[in-house]
Amino acid sequence: MTLPNTANVVVIGGGVMGASTAYHLALKGCKKVVLLERNSFFGIEATGKCAGGIRYQFDTEINVKLSRISLPMLDRFEEELGQAIDIRKCGYLFVLTREMDVAEFKRQVALQNSLGARTQWLDGDEIRRRLPLMHYPDAIGGTLGPDDGLADPNGVVQGYISGARRLGALCLTDVSVTGIRTDHGRVQAVETEQGVIETPIAVNAAGPWAGQIGRMAGVDVPIVPVRRQIAVTTPLPQIPPDFPFVIEFARSLYFHREGPGILTGMSNNSEPVSFSQNVDPEWEMTHLEAACQRMPLLEQAGISSRWAGLYENSPDAHPILGAVDQLGGFYCIGGFSGHGFMHGPVCGLLLAEEILDGKTSTLDISSLRLSRFQQGKTTREYNVV
Ligand SMILES: Cc1cc2nc3c(=O)[nH]c(=O)nc-3n(C[C@H](O)[C@H](O)[C@H](O)COP(=O)(O)OP(=O)(O)OC[C@H]3O[C@@H](n4cnc5c(N)ncnc54)[C@H](O)[C@@H]3O)c2cc1C
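Quantities reported herein were computed from a predicted structural model and do not represent experimental measurements.

### With respect to the overall build of the protein chain
Thought 1: Within the protein chain, the secondary structure is distributed over 10 helices and 19 strands.
Thought 2: On C-alpha atoms alone, the protein chain measures out to a radius of gyration of 21 Å, which is about the 21 Å that the 2.2 N^0.38 rule sets for 385 residues.
Thought 3: Along the three orthogonal principal directions, the C-alpha set of the protein chain runs to about 60 × 40 × 40 Å.
Thought 4: Within the protein chain, the proportion of its 385 residues that are buried is 58%.
Thought 5: Residue pairs at least 24 apart in sequence account for 75% of intrachain contacts in the protein chain once pairs closer than 6 positions are excluded.
Thought 6: Surface summary for the protein chain: the accessible area is close to 15200 Å², and the carbon and sulfur share equals 49%.

Right under this line is the structure:
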């Protein structure tokens, strides 16, 4: 496929954010939308390496509101796009083992309920009753989101890419963006290894690489890559089909059913900023020891697959979404800090509204703009796993 010389919008990055943005732009009637992905396949970076969790359980109003729109979009996805995405409403069960988290999570239950999410508080005995395969003598409480669960990230990306193409968008793989030309404070063109596309609008949807794309445009986009890793076990027939997505919050240690086995991850809070996606064997050992302590059954299983991927962390663990004040025609959709897959549908829609209508109508995104960092108007999301 040859590169076009001109476009109305160039979207950089073909993960869930770029794919959703391209689809929603095309759905709203935008012509000459071009999406560029440097890999040979769409959705194989952060999106393809994620755990697939979708939840209403967040600490800030804006994140709960994003979920309140995005998760129903996932429910309607197959009907809208003709692509199955394997939604499983198995529920998220946050297990708390530290007193300091109890008041915070009780406050969150009230916030989430006030915004329409059905989160419930559970005491320690109820957690032990619901998780007979797990060893949580020290659980002091927790929260259950009955409408939280899992969906297939690959299906979501493929659905949006196919939908965007049907509506006329050009979605290309094997095209690496190398520069962004600007003049008089506006985007003029996107440079790639295969040529230059003149465009008035460039969307930075490069996930963990969003800081690099920002630098190409002369904009400081404070998004950094941090490695996170996952292991999936061989089959464990003892795991019931309705086993929830369990998160031990204090250690960011999580478990969910993946096919006939268990997918487990644990975040290393000392992990440095880097683009490394090699599995760290030492951390894997620490992680699996912790996992076996909490779920002794895992000792009977082997590891069927393991991988590392990159979180795309922003300073306050909220996305950077919308127009960038200092450069006309430059837009960001990134920095989801490890929970972006689930917000991909709504954020692509919101960005399409902002680009085409000059403002969003579905939800006010003023608190998510890049300018919040200069203005010191940030609030940190507590429920980062
Ligand atoms: C281990 C792990 C577990 C996670 N679990 C969950 C979860 O359970 N639930 C959840 O909601 N989220 C989860 N996340 C987070 C989620 O994966 C991300 O927030 C989300 O996928 C980010 O999507 P993205 O499109 O911004 O990034 P990506 O999917 O990384 O897409 C960015 C794309 O940009 C491309 N690109 C970069 N530079 C260039 C360039 N110069 N030219 C062209 N293309 C370029 C990249 O190749 C990449 O394909 C997890 C992440 C990890 C790593």
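### Examining helix 4 (residues 99-114)
Thought 1: With 16 residues, helix 4 extends 24 Å between its outermost C-alpha atoms, agreeing within 8% with the 22 Å of an ideal straight helix rising 1.5 Å per residue.
Thought 2: Residues of helix 4 that are buried include every one of Asp101, Val102, Glu104, Phe105, Gln108, Val109, Leu111 and Gln112, and no others.

### Overview of the side chain of Thr119
Thought 1: The topology assignment puts Thr119 in the loop between helix 4 and strand 5 (120-123).
Thought 2: Setting aside anything within four residues of it in sequence, one finds Thr119 in contact with Gln57, Val109, Gln112, Asn113, Thr143, Leu144, Gly145 and Pro146.

### Describing the sheet that holds strand 2 (residues 33-36)
Thought 1: One open sheet accounts for 6 strands, arranged 8-2-1-12-19-18; its pairing is mixed. Strands with a single pairing partner mark the edges of an open sheet, and in this sheet they are strand 8 (170-172) and strand 18 (320-323). Across the sheet, the mean angle from the axis of one strand to that of its neighbour is 20 degrees, orientation sign disregarded.
Thought 2: With 3 bridges connecting them, strand 12 (residues 202-204) and strand 19 (residues 330-334) associate as parallel partners. Pairing of Ala202 across the sheet is with Phe330, part of strand 19.

### Considerations on the pattern of salt bridges
Thought 1: Considering all chains together, one arrives at 20 salt bridges under this definition.
Thought 2: One salt bridge in this structure joins Arg107 and Asp59, with 2.3 Å as the shortest N-O distance. With Arg107 in helix 4 and Asp59 in the loop between strand 3 (53-54) and helix 2 (61-75), this pair connects stretches of sequence that are 48 residues apart.
Thought 3: On the basis of relative accessible area, Asp59 is assigned to the buried category, the value being 10%.
Thought 4: The partner of Arg130 in a salt bridge is Glu126, with the nearest N and O atoms 2.7 Å apart. Taken as a pair, Arg130 and Glu126 lie in helix 5 (residues 124-130) at a separation of 4 residues, close to a single helical turn.
Thought 5: Taking relative accessible area as the criterion, Arg130 reaches 35% and is therefore assigned partly exposed.
Thought 6: Put simply, Asp138, Glu248, Arg251 and Arg294 are held in one network by salt bridges that share partners.

### What about the site of the ligand?
Thought 1: Taken together, 38 residues are adjacent to the ligand, and Glu37, Thr47, Gly53, Gly340 and Met342 come closest.
Thought 2: One of the backbone nitrogen or oxygen atoms of Arg38 is found 3.3 Å away from a nitrogen atom of the ligand.
Thought 3: Between an oxygen atom of the ligand and a main-chain N or O atom of His339, the distance comes to 3.4 Å.
Thought 4: Taking 1000 Å² as the accessible area of the ligand by itself, protein coverage stands at 99%.

### What to know about the packing of helix 1 (residues 16-27) against helix 6 (residues 153-166)
Thought 1: Following both chains from N to C, one finds helix 1 and helix 6 inclined at 30 degrees, their axes separated by 8 Å at the closest point. Between helix 1 and helix 6, the angle falls in the class roughly parallel. Remark: the crossing between helix 1 and helix 6 carries left-handed chirality. Residues Val16, Ala19, Ser20, Ala22, Tyr23, His24 and Ala26 of helix 1 lie in contact with helix 6, whose contacting residues are Val156, Val157, Tyr160, Ile161, Gly163 and Ala164.
Thought 2: Grouping the amino acids of the contact of helix 1 with helix 6 by side-chain chemistry returns 10 nonpolar, 3 polar and no charged.

### Let's talk about the pairing of strand 18
Thought 1: Of the strand pairs in this sheet, strand 18 and strand 19 are connected by 4 bridges, and their pairing is antiparallel. Bridge pairing in strand 19 links Ile320 to Gly334.

### Section: helix 6
Residues lying three or four places apart along an α-helix face the same way, a consequence of the helix completing one turn every 3.6 residues.
Thought 1: Between the first and last C-alpha of helix 6 there are 20 Å, a value that for 14 residues agrees with the 20 Å anticipated at 1.5 Å per step.
Thought 2: When helix 6 is considered as a whole, its buried residues turn out to be Pro153, Gly155, Val156, Val157, Gly159, Tyr160, Ile161, Gly163 and Ala164.
Thought 3: In this structure, the buried side of helix 6 is in contact with helix 1, strand 2, helix 2, helix 3 (77-81), strand 8 and helix 9 (344-357).

### Section: unusual backbone geometry
Thought 1: For Asp86, which is not glycine, the phi dihedral falls at a positive 50 degrees.
Thought 2: Mapped onto the fold, Asp86 is located in the loop between helix 3 and strand 4 (92-96).
Thought 3: With a phi close to 60 degrees, Ser337 is a non-glycine residue in the positive phi region.
Thought 4: Within the secondary structure, Ser337 is located in the loop between strand 19 and helix 9.
Thought 5: Owing to a relative accessible area of 2%, Ser337 belongs among the buried residues under this scheme.

Calculation notes
- Residues numbered from 1 in each chain as written.
- Predicted model: local features only at pLDDT ≥ 70, side-chain atom pairs only at ≥ 80, totals over all residues.
- Heavy atoms only, no water.
- Helix = DSSP H or I, 4+ residues; strand = E, 2+ residues; numbered from the N terminus.
- Rg over C-alpha atoms; globule rule 2.2 N^0.38 Å.
- Buried < 20%, exposed > 50% of the residue type's maximum accessible area, 1.4 Å probe, protein only.
- Contact = heavy atoms within 4.5 Å.
- Areas by Shrake-Rupley, 256 points an atom, 1.4 Å probe, with all protein chains shown as cover.
- Expected span 1.5 Å × (residues − 1).
- Pairing = 2+ DSSP bridges.
- Axes fitted to C-alpha atoms, helices over the stretch in contact; angles between N-to-C directions.
- Salt bridge = Lys/Arg side-chain N within 4 Å of Asp/Glu carboxyl O.
- Near = heavy atom within 4 Å.
- Polar contact = N/O pair within 3.5 Å; in protein donor to acceptor, adjacent residues only side chain to side chain.
- Parallel < 35°, antiparallel > 145°, perpendicular 65-115°, else oblique.
- Left-handed = near helix turned anticlockwise from the far one by under 90°.
- Nonpolar A, V, L, I, M, F, W, Y, C, P; charged D, E, K, R; others polar.

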